Amino acid sequence: MIDLRSDTLTAPTTRMREAMAGAEVGDDVFGEDPTVRELEEEVAGLLGTEAAVYVPTGHMANQLGLFVASRSGEEVWAHENHHLIGDEQGAAAVLSRVLPRLYSGDPWPSDALLGSWIAGAREGNVHRAEPALLWLENTFSGQVVPLAEQDRATAFAHSHGMRTHLDGARLWNAATALGVGPARVAQGFDSVSVCFSKGLGAPVGSALAGDAETVLRARRGRKLLGGGMRQAGIVAAGALHALRHHRERLAEDHAHAEALAARIDGLPGIRASARTNMVLVSTPEGLGAAYAEAFARHGVRALGGGDRVRMVLRQEIGAEDVDAAARAIEKASADL
Ligand SMILES: *Cc1c(COP(=O)(O)O)cnc(C)c1O
C-alpha cells in the first residue's frame, strides 16, 4: 500500500532520532531547555521575527495567534476552507470567542471584498463587530498564495488597524516553490505559525513567531492551554534537525507531485494537478470518497471527499513509489 493521505505521516529518520536521543535538555517551563531555546531562535531567524515559541501542534500555534490578536466578540476574517475554520473543532469560538467573517471561492481576499467588509465597521456603527484580525494560509490546500496578494491584503489590514496572521503550516513548501527565503513569505504578518511535523518530518511540534510582545503573550497563552512542556528538547531536537536538513529536500516532493499529476491527468475520469507537494484530483460532484476507495482497492491510499481526492508526497515516497502509484491509479481509473 502506498499511503499518500498526508505529509503528517512522515516519520523521523535514523539521523533525526540520533539527534533527538543526544539532545541537551532542561525544564522548558522554567525557560531552561537549551535545545528548545535554540530551536526558537533558529525559527525566529529563519522567519525574520524577533521571537518564536515552540508548541506541541499547529492547531495550538494558530489558536495562540488568534488569542493574542483578538478580544471576545471581535471579527477574524478568513476563508471558509482555512484550517482555523474547518479543522480546529470550533476552537476559535470556544477559546477566543471571536466572530469569523468568511469568504469562499478565491483563495485570497480581493480588494473589493476587503473594502466592502471594512466599510462602516469603524464609523460609529453600533451593529458591527470590530474587525481585529486578517487570517491567511500559505500554502493553502497546497496552493501557493502569491506574495503580491499577501502584501496587498496585509497592507490593507494594517491600514485599517487590523492585525494579520499567517497559517504557515506549510510555509516551507511555499518558500521552496517561490524560490524565496522563509522570511519573505512571513513578511507583513504580526504572527506566523509553522509546522515541523508535516513535510519536514519531525515527529512533533510547531511554532508561533512574531514580535517579542506577541510571543511573550503567546508563551503565557501556551501555559494557559496546558502546553507547558518540560524536557521538550527531546522533540525540539527533531524539529531543529528537520529545519537544518530537510527543508531543501521539499523540492523533491514537489517534483514527485508534478510527475504523479502528469502521469495520471487525462486517464479516464481523472483530472489531476500538482500544487507544491500535493496532487489534487477533481472528481464529479460528490464522488471524491468513491474515487479514493477505487484508488485504495489498487494499492494507493488517498483522502477523498466532496468533489476531490488529495494525495500528498513526502520523504518516504520515492520515484519508484510514484511510478507504482501512477500504475495503480491507471488500473483504478478503469473502475471509475
Ligand atoms: C496541519 C495543519 C495545521 C495544524 O497542524 P497540527 O500540528 O496537525 O495541529 C494548521 N494549518 C494547516 C494549514 C495545516 O495543514
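Residues numbered from 1 in each chain as written. Predicted model: local features only at pLDDT ≥ 70, side-chain atom pairs only at ≥ 80, totals over all residues. Heavy atoms only, no water.

**Student:** Describe in detail the overall build of the chain, supporting the description with residues and values.
**Tutor:** Looking only at helices and strands, the chain features 14 helices and 13 strands. The C-alpha radius of gyration of the chain comes to 20 Å, within 12% of the 20 Å expected for a compact globule of 336 residues. For the chain, the spread of C-alpha atoms along the principal axes amounts to about 60 × 55 × 35 Å. For the chain, the proportion of its 336 residues judged to be buried stands at 52%. Contacts in the chain between residues far apart in sequence, at least 24 positions, make up 73% of those at least 6 positions apart. A total of about 14100 Å² of accessible surface is found on the chain, and carbon and sulfur atoms cover 50% of it. (Helix = DSSP H or I, 4+ residues; strand = E, 2+ residues; numbered from the N terminus. Rg over C-alpha atoms; globule rule 2.2 N^0.38 Å. Buried < 20%, exposed > 50% of the residue type's maximum accessible area, 1.4 Å probe, protein only. Contact = heavy atoms within 4.5 Å. Areas by Shrake-Rupley, 256 points an atom, 1.4 Å probe, with all protein chains shown as cover.)

**Student:** Hey, could you go over the UniProt feature "domain: Aromatic amino acid beta-eliminating lyase/threonine aldolase" (unreviewed entry) in the chain for me, with residue numbers and the actual values?
**Tutor:** What UniProt calls "domain: Aromatic amino acid beta-eliminating lyase/threonine aldolase" (unreviewed entry) maps, in this numbering, to residues 3-282. In residues 3-282, the share of helix is 42% and the share of strand is 18%. The end C-alpha atoms are 19 Å apart. (UniProt positions renumbered as here; feature names shortened; annotations may be inferred.)

**Student:** So, the domain arrangement of the chain: which residues are in play, and what are the values?
**Tutor:** In terms of domain boundaries, the chain breaks down into domain 1 (7-245) and domain 2 (249-335). The C-alpha centroid of domain 2 is placed 28 Å from the C-alpha centroid of domain 1. In this assembly, 18 residues from domain 1 lie in contact with 16 residues from domain 2. Both faces considered, domain 1 and domain 2 share a buried interface measuring about 1300 Å² in area, 54% of it formed by carbon and sulfur atoms. Ranking the residues of domain 1 by area buried against domain 2 places D7, S141 and N173 at the top, with a combined share of 32%. On inspection of domain 1 and its partner domain 2, the count reaches zero salt bridges. The tally of links from domain 1 across to domain 2 stands at six residue pairs in polar contact (both at pLDDT 80 or more). Along the lines of polarity and charge, the residues of the side of domain 1 that touches domain 2 split into seven nonpolar, nine polar and two charged. (Domains from an automatic or database assignment. Buried area = accessible area lost by both parts, 1.4 Å probe. Salt bridge = Lys/Arg side-chain N within 4 Å of Asp/Glu carboxyl O. Polar contact = N/O pair within 3.5 Å; in protein donor to acceptor, adjacent residues only side chain to side chain. Nonpolar A, V, L, I, M, F, W, Y, C, P; charged D, E, K, R; others polar.)

**Student:** Break down the sheet that holds strand 3 (residues 75-79) for me, with residues and values.
**Tutor:** Strand pairing in a sheet relies on backbone hydrogen bonds, with the paired strands running either antiparallel or parallel. If you walk across this open sheet you meet the seven strands as 2-8-7-6-5-3-4, and the pairing is mixed. The strands lining the two open edges of the sheet, one partner per strand, are strand 2 (51-55) and strand 4 (99-103). Neighbour-to-neighbour, the strand axes of this sheet turn through a mean angle of 20°, independent of strand direction. Strand direction decides the pairing type here: strand 7 (residues 191-195) and strand 8 (residues 206-210), joined by five bridges, are antiparallel. (Pairing = 2+ DSSP bridges. Axes fitted to C-alpha atoms, helices over the stretch in contact; angles between N-to-C directions.)

**Student:** Report on the site of the ligand, specifying residues and quantitative values.
**Tutor:** The local shell around the ligand consists of T57, G58, H59, N62, H83, E137, D167, A169, R170, C195 and K198. The side chain of R170 places a nitrogen or oxygen atom 3.0 Å from an oxygen atom of the ligand. The separation between an oxygen atom of the ligand and a polar side-chain atom of K198 is 2.5 Å. Taking 380 Å² as the accessible area of the ligand by itself, protein coverage stands at 82%. Counting atoms within 2 Å of the grid points, the majority share of the ligand lands in the largest pocket. (Near = heavy atom within 4 Å. 1 Å grid on protein atoms, 1.4 Å probe; cavity = no way out; pocket = protein on both sides within 12 Å on 5 of 7 lines; lining within 4 Å. Sits in = over half its atoms within 2 Å of the grid points.)

**Student:** An account of the packing of helix 2 (residues 34-47) against helix 11 (residues 233-245) is requested, with residue identities and associated values reported.
**Tutor:** Where helix 2 meets helix 11, the closest approach of the two axes is 8 Å, and the angle between their N-to-C directions is 30°. Between helix 2 and helix 11 lies a crossing of left-handed hand. Contacts between helix 2 and helix 11 involve T35, V36, E38, L39, E42, V43 and L46 on the former and, on the latter, G233, A236, A237, A239, L240, L243 and R244. Classifying every residue of the contact of helix 2 with helix 11 gives nine nonpolar, two polar and three charged. (Left-handed = near helix turned anticlockwise from the far one by under 90°.)

**Student:** An account of the nonpolar core is requested, with residue identities and associated values reported.
**Tutor:** Grouped together as the largest cluster of nonpolar side chains are 47 residues, with contacts concentrated most on L39, V43, L47, L171, W172, V194 and F196. Residue contacts for L47: discarding those within four places in its chain leaves L171, W172, P182, A183, A186, V192, V194 and A209. (Core = buried A, V, L, I, M, F, W, Y, C linked by side-chain atoms within 4.5 Å.)

**Student:** Explain the packing of aromatic side chains residue by residue, including any values.
**Tutor:** Tallying each qualifying case throughout the model produces four aromatic pairs. Between Y103 and W117, the aromatic rings sit 6.1 Å apart at their centres with planes inclined by 55°, giving tilted as the arrangement. Remark: W117 occurs in helix 6 (residues 111-118) and Y103 occurs in strand 4; sequence separation between them is 14 residues. Each member of the pair Y103 and W117 is classed as buried. Seen from the ring of W117, R101 lies directly overhead, with NZ or CZ sitting 5.7 Å from the centre. (Phe/Tyr/Trp six-rings, centres within 6.5 Å; stacked < 30°, edge-to-face > 60°. Lys NZ or Arg CZ within 6 Å of the ring centre and 35° of its normal.)

**Student:** Summarise the sheet that holds strand 13 (residues 308-312); cite the residues concerned and give the values.
**Tutor:** With antiparallel pairing, the four strands of this open sheet are ordered in space as 9-10-13-12. Since the sheet does not close on itself, it has two edges, and those belong to strand 9 (271-275) and strand 12 (303-305), each with one partner. Going across the sheet, the axis of each strand differs from the next one's by a mean of 20°, ignoring polarity. Bridge analysis of strand 10 (residues 278-282) against strand 13 gives five bridges, and the strand direction is antiparallel. Counterpart to M278 in the pairing with strand 13 is V312.

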